[in-house]
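Take a look at the letters that make up each chain.
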Amino acid sequence: MAHNFICNEDTAVVQTKQGKVRGYIYDDVTIFKGIPYAKAARFHAPHPLKPWKGVMETTSYGYVCPLLELPKPTGELSVPHRYWVMNEDCQNLNIWTPCCDAGKRPVLVWLHGGGYESGSAIEHIAYDGENMCRIGQAVVVSVNHRLNLLGYFDLSAYGEEYADSGNAGTQDLVAALKWIQDNIENFGGDPGNVTLFGQSGGGDKVTSLLQTPAADGLYAKGVNMSGVLGHRLSCGEGDGQELAIAIMAELGIDDDIKELEAVPYAELAQAYLRIRPEFMAAGKYIGCAPYPNAFYKGSPETVGFRGETAHIPLLVGTVYGEFSSFLPSAYKKQGMTDEEGVQAVYKAAGAEAADKLLPYFREAYPQRNPVDLLALDFLFRHPAQQFIRQRSALNHCTYSYLFNQDLPLNGGTPPWHCADIPFVFHNTGMVSATQKEGVTDKLEAQIFGSIIAFAFTGDPNHIGIPQWPASSPQEEQTMVFGEDTKLRCNFDAQLVPLAERYLSEGFEKMLAEHAQEVQH
């Protein structure tokens, strides 16, 4: 079957505030890649671009933020990646639109994962917005911004010009959202109906923007996928001056912050990585995460949600296995009976934990083999439960979900961190490990349908799923997406906190060991 492709001087040309950009059309989706939305000197606030003459070609992805360490390709079956050219000049975005007309369609703005330290707008193959745009008839935008020390290094002790260097990456996101407000109508989008959505660190970025007054009015709703991380994204105690002094000493330069602005990034990154373990062990400021100040008010779990954004509808969820599913297991689940599963839990977790947890597990997950208790996520799910309880006390538009579909990798694996992304983008065809005959297409339609319905109206309900009410502090109404998608109320409210209590020590140890193995 032939595909429709148009790229010439007169097609897909759009006027922005700074000048004209030209993209291309592929199968009735108009695509723009690498549009610059701002410019910034290292550690400084972004500023708008100067206007340009003529037409800027935007048919290639722009630079992504430099990483502290080069990634080692691994696990590409479960999470296929794309690696790209890195440069500090990384403030750019990508747009997929059904048409550059006056359609005023919903706008979905993707904030990528990787914490605040790594990742990019195009890192995962499944981040591609073409299918979401075409099938959902929405405008899709993905954003690159500064990360790690470039985006989150508090240098406020060195003067007013560095007042918000500890949140420069979030300042980039605000600049991108302002660019969208100013320009997206010319790309067929509605600036009054912008939905932020992100996974892992990208989900936490949604929350960070809720806590950032400068972002108020730039978006209408948010989707937080596996991005409620509690204390795990803390930047440590104190400000960044001690870290800056240590890095400069490591680099052999005087206590002159201007020199730190000019040092080659690779040298800056290596010096930081040599110092970080000591600072982390002491609980000192290490950067690479939002820094609470006047710009960013702090985590909701610490300071509460800002009242100014209490009306924003949120869709919040996690995945059954998250990081647990990446760990090599000491058992083979395939063909295992329930009794063998019980014995495996007793052996791995001990009698006390098994006795406490298995009754609650059977009640919450009656269709699962008891051995799956050992893959149950609590690192994300427990703080998400607390987040939903706290958030739903402010409104009637906080929705909860859980992705609970095992995937056919190694004979069947509980879903892992990022496993829901291809379903959200309608890109399961790009990720082979999502394919399960008779299940994948239906589940993709259900999840994608909810995301698009939420983007249009702030309500995730549609004809393909059971009725999905908003949660309240007393009733977490969770849509459990899987082979038999069901609404469950408070179904794991007792299980998850107990699992964290009894299993966290062993899990943290296995996670650290696995991370070390992957690095080497």
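Criteria and thresholds
Residues numbered from 1 in each chain as written. Predicted model: local features only at pLDDT ≥ 70, side-chain atom pairs only at ≥ 80, totals over all residues. Heavy atoms only, no water. Helix = DSSP H or I, 4+ residues; strand = E, 2+ residues; numbered from the N terminus. Expected span 1.5 Å × (residues − 1). Buried < 20%, exposed > 50% of the residue type's maximum accessible area, 1.4 Å probe, protein only. Pairing = 2+ DSSP bridges. Axes fitted to C-alpha atoms, helices over the stretch in contact; angles between N-to-C directions. Disulfide = S-S within 2.5 Å. Phe/Tyr/Trp six-rings, centres within 6.5 Å; stacked < 30°, edge-to-face > 60°. Lys NZ or Arg CZ within 6 Å of the ring centre and 35° of its normal. Polar contact = N/O pair within 3.5 Å; in protein donor to acceptor, adjacent residues only side chain to side chain. 1 Å grid on protein atoms, 1.4 Å probe; cavity = no way out; pocket = protein on both sides within 12 Å on 5 of 7 lines; lining within 4 Å. Points joined across faces, edges and corners; volume = space filled by probe spheres on them. Nonpolar A, V, L, I, M, F, W, Y, C, P; charged D, E, K, R; others polar. Core = buried A, V, L, I, M, F, W, Y, C linked by side-chain atoms within 4.5 Å. Contact = heavy atoms within 4.5 Å.

A. Structural context of helix 13 (residues 440-457). Under the 1.5 Å per step criterion, the end-to-end length of helix 13 is 25 Å for 18 residues, consistent within 8% with the ideal 26 Å. Of all 18 residues making up helix 13, 13 are buried, and the element is well covered by its neighbours. One or two positions beyond helix 13, positive phi appears at G458, with a value near 85°.

B. Inspection of the sheet that holds strand 3 (residues 20-22) at higher detail. Taken together, 3 strands build an open sheet; the order of strands is 2-3-6 and the sheet is mixed. Unpaired on one side and paired on the other, strand 2 (13-15) and strand 6 (55-57) mark the two borders of the sheet. If you compare each strand with its neighbour and ignore which way they point, the axes differ by 30° on average. Pairing of strand 2 with strand 3, which is carried by 3 bridges, proceeds in the antiparallel orientation. Bridging across to strand 3, V13 finds its partner in R22.

C. Representation of the state of the cysteines. Overall, the coordinates contain 0 disulfides when judged by the stated rule. Looking at the unpaired C7, the closest cysteine sulfur is the one in C100, lying at 13 Å. A disulfide-free cysteine, C100 has its sulfur positioned 6.4 Å from the sulfur of C99, the nearest such atom. Its relative accessible area of 29% is what places C100 among the partly exposed residues.

D. Highlighting the packing of aromatic side chains. In total, this model carries 22 aromatic pairs according to the counting rule given. Where W179 meets F187, the ring centres are 5.9 Å apart and the plane angle is 45°; that geometry is what we call tilted. Judged by relative accessible area, which is 4%, W179 ranks as buried. With a relative accessible area of 0%, F187 lands in the buried category. The interplanar angle of 35° and the centroid separation of 5.7 Å between the aromatic rings of F323 and F380 together place this pair among those described as tilted. Separated by 57 residues along the polypeptide, F323 in the loop between strand 12 (314-319) and helix 9 (338-349) and F380 in the loop between helix 10 (351-364) and helix 11 (381-392) bring together distant segments of the chain. Classification of F323 as partly exposed rests on a relative accessible area of 30%. Put simply, the rings of Y399, Y401, F454, W468 and F481 touch in pairs and so form one group of aromatic residues. The ring centre of F305 lies 4.7 Å from the NZ or CZ of R391, which sits over that ring.

E. Just the side chain of R105, in detail. In this fold, R105 is placed in strand 8 (residues 105-111). Within the structure, the side chain of R105 is placed 2.7 Å from the side chain of D101, a separation counted as a polar contact.

F. Representation of empty space enclosed by the protein. The final tally for this structure, using the stated rule, is 3 cavities of 30 Å³ or more. Approximately 90 Å³ is the volume attributed to the largest cavity. Sorting the residues of the lining of the largest cavity by element identifies strand 11 (221-225), strand 13 (398-403) and helix 13 as the ones contributing at least two each. Element by element, the count of residues in the lining of the largest cavity is highest for helix 13, at 3 residues. Across the lining of the largest cavity, the residue classes tally to 10 nonpolar, 1 polar and 1 charged. What the second largest cavity holds in volume is close to 50 Å³.

G. Just helix 11, in detail. Here helix 11 is 12 residues long and its end C-alpha atoms lie 16 Å apart, about the 16 Å a rise of 1.5 Å per residue gives. With 9 of its 12 residues buried, helix 11 lies for the most part within the structure. Along helix 11, the residues that are buried comprise R381, H382, P383, A384, Q385, F387, I388, R391 and S392.

H. Summary view of the environment of I452. With respect to the secondary-structure elements, I452 resides in helix 13. Exposure remark for I452: the relative accessible area of 10% places this residue in the buried category. On a C-alpha basis, the gap between I452 and Q91 in space is 27 Å, while along the polypeptide they are 361 residues apart.

I. View of the nonpolar core. L108, M132, F197, L315, V424, W468 and F481 are the most contacted members of the largest nonpolar core, which totals 47 residues. Per-element accounting of this core gives the leading share, 7 residues, to helix 13. Every residue in contact with L315, bar those within four places of it in the chain, is listed here: G222, V223, N224, Y399, Y401, I451, F454, P460 and W468.

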